[in-house]
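Residue strings, one per chain:
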Amino acid sequence: MKTWLKIVAVVLVVYVHVAGLLLGVPRLNILNETIRNLYFHVPMWFGMTALYSISLYHSVRYLRNPTLDRDHKASAFATTGIVFGFLGLGTGMLWAKFAWGAFWTGDPKLNGAAITTLVYLAYFVLRGSVDNQEQRSRLSAVYNIFAYAAMIPLIFILPRLSSSLHPGSGGNPGFNTYDLDSQMRLVFYPAVIGWFLVGYWISTLRIRILALEEKMAELDYAKHS
Amino acid sequence: MLLSLIRKEFTLELRRRSVVSGIGLYLFAIIFICYLTFSLRRGSINEATWSALFWLAILFSVINSVAKSFIGEKRGLSIYYYTVASAQDVILSKIIYNTLLCLVLSVVGFILFSLFISNPVQDTPLFLLTLLLTSIGFSASLSLISAIAAKANNSNVLMAVLSFPVLIAVLLMAIRATKNIVDGLERSTSYDELTNLLAINCILTALAYILFPYIWRS
């Protein structure tokens, strides 16, 4: 990752924290000041989807031409993606407690998010239970593609078909036509980009750690044989 | 090749009758436990409970029966298939065979449920169509996952862990359609769910078809 992108990421996230907490927001009943959670909750899901998609891209590339590097990338982006997923669930549950009155509601989007997290937890269980490295890479790549395709109808299509407390489904307007006013856009779009860049950065660090571990294992092997 | 593979599955299944009867007994045991529990208090089973029990019974027996499609196979056998058939033929034959197996299981389950517990279904043809569509979805995803799990350690645990999240989409649609049918709503209200189910089936089958050769090669 280029150094200037890292600087952009840090600047954007710091800006989101300062501006997100200080700039004015529309006064709305029930939501009140919790509307500021939009800058933290929604970018998590955008970031998670983007990171999972990058992981999927690397899994497809792995199947076309298997190299260890691509498997590391697929696994690292999935790891960061699941962290974003947990953060999204956490921020969402806090927000739900204040806006809807309970930490967990039977909302279709919540169920979709929980199932998506289960899918990727299963992905890591699968990675953990195969010993042969090449076998592990291939099986997890296949499962990654299969699970991603099963996840899309869950989080993008099904919630839109049924009524939901979230904006953008079941007759609720999407948040573009909602009152995401121009001042909030000034913070929201940088937040989406900033959080995604931070996630990407963490993933690249993880990829480097995996590559170094691999090298250490090789050196160890060479020393002992 | 495809036809002879399917025929082989049937011959094998009929030859090992203990496996089929084992799964049948498993399904019967689940339903009988439900019956015993709910017969203690008459009329305590409403439509929602019926649908939950029905889909739980079907889900567990289907996972158990389809799991063995690759997990039980000996190592040498897959090498033999590799030399005589293409991967696509193998997965398609498994999917078709497992679809029939799931369909038989669901229909038998339905009959047992109406015999022992009750039959709140108001539109039987539509319900059978739902059963057929879910059977296709179950068999497409479970066949692939069984192939994945067979290559890993502790495959039986892995089978349940890996299949649950993938099956949820199919199950959700099936449960919604069941609710409409049980409530006696118009047929047209369930068309949305059924077309969604069909679309999900297409995605799952196509993916299983594309991805299986990669698992098989090892």
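Note that this is a predicted model, so its numbers are computed, not measured.

1. A look at the packing of helix H1 (residues 3-22) of chain A against helix H6 (residues 182-224) of chain A
Residues and elements named next belong to chain A.
Line of reasoning, step 1. H6 packs onto H1 with a crossing angle of 135 degrees between their chain directions and a minimal axis gap of 8 Å. As far as their axial angle goes, H6 and H1 are oblique. Handedness of the H1/H6 crossing: left-handed. Where H1 abuts H6, its residues Leu5, Lys6, Val8, Ala9, Val10, Leu12, Val13, Tyr15, Val16, His17, Ala19 and Gly20 lie against Leu186, Val187, Pro190, Ala191, Ile193, Gly194, Trp195, Leu197, Val198 and Trp201.
Line of reasoning, step 2. For the contact of H1 with H6, a count of residues per class yields 18 nonpolar, 3 polar and 1 charged.

2. Examining the layout of surface pockets
Line of reasoning, step 1. Counted as a void, the second largest pocket has a volume near 370 Å³.
Line of reasoning, step 2. Around the second largest pocket sit 20 residues that line it, and Asn111(A), Ile168(B), Leu171(B), Leu172(B) and Ile175(B) are the ones nearest its centre.
Line of reasoning, step 3. For the lining of the second largest pocket, the secondary-structure elements that each account for two or more residues are helix H4 (108-128) and helix H5 (133-161) of chain A together with helix H3 (47-71) and helix H7 (155-182) of chain B.
Line of reasoning, step 4. Grouping the constituent residues of the lining of the second largest pocket by class yields 15 nonpolar, 4 polar and 1 charged.

3. Regarding the environment of Ile30(A)
Residue and element names in this part refer to chain A.
Line of reasoning, step 1. Along the chain, Ile30 falls in the loop between H1 and helix H2 (38-64).
Line of reasoning, step 2. Overall, the relative accessible area of 62% leaves Ile30 in the exposed class.
Line of reasoning, step 3. Spatially, the C-alpha atom of Ile30 lies 17 Å from that of Thr91, the residues being 61 residues apart in sequence.

4. Quick notes on a nonpolar patch on the surface
Line of reasoning, step 1. Together, Val10(A), Val14(A), Val18(A), Leu21(A) and Leu22(A) line one region of the surface with nonpolar side chains, adding up to about 480 Å² of accessible area.
Line of reasoning, step 2. Secondary-structure assignment places Val14(A) in helix H1.

5. Looking at the interface of chain A and chain B
Line of reasoning, step 1. With 23 residues of chain A in contact, the opposing surface of chain B contributes 28 residues.
Line of reasoning, step 2. Together, the buried faces of chain A and chain B total about 2400 Å²; carbon and sulfur atoms form 80% of this surface.
Line of reasoning, step 3. Remark: the boundary between chain A and chain B carries 0 salt bridges.
Line of reasoning, step 4. Counting across the chain A and chain B interface gives 1 residue pair in polar contact (both at pLDDT 80 or more).
Line of reasoning, step 5. Elements with a contribution of two residues or more to the side of chain A that touches chain B: H4 and H5 of chain A.
Line of reasoning, step 6. Considered class by class, the residues forming the side of chain A that touches chain B number 18 nonpolar, 3 polar and 2 charged.

Each value, and the rule that gives it
- Residues numbered from 1 in each chain as written.
- Chains lettered and ligands numbered in written order.
- Predicted model: local features only at pLDDT ≥ 70, side-chain atom pairs only at ≥ 80, totals over all residues.
- Heavy atoms only, no water.
- Axes fitted to C-alpha atoms, helices over the stretch in contact; angles between N-to-C directions.
- Helix = DSSP H or I, 4+ residues; strand = E, 2+ residues; numbered from the N terminus.
- Parallel < 35°, antiparallel > 145°, perpendicular 65-115°, else oblique.
- Left-handed = near helix turned anticlockwise from the far one by under 90°.
- Contact = heavy atoms within 4.5 Å.
- Nonpolar A, V, L, I, M, F, W, Y, C, P; charged D, E, K, R; others polar.
- 1 Å grid on protein atoms, 1.4 Å probe; cavity = no way out; pocket = protein on both sides within 12 Å on 5 of 7 lines; lining within 4 Å.
- Points joined across faces, edges and corners; volume = space filled by probe spheres on them.
- Buried < 20%, exposed > 50% of the residue type's maximum accessible area, 1.4 Å probe, protein only.
- Patch = residues over 30% accessible without salt bridge, like charges linked within 9 Å, V, L, I, M, F, W, Y side chains within 5 Å.
- Areas by Shrake-Rupley, 256 points an atom, 1.4 Å probe, with all protein chains shown as cover.
- Salt bridge = Lys/Arg side-chain N within 4 Å of Asp/Glu carboxyl O.
- Buried area = accessible area lost by both parts, 1.4 Å probe.
- Polar contact = N/O pair within 3.5 Å; in protein donor to acceptor, adjacent residues only side chain to side chain.

That's the geometry; what it means functionally is another story.
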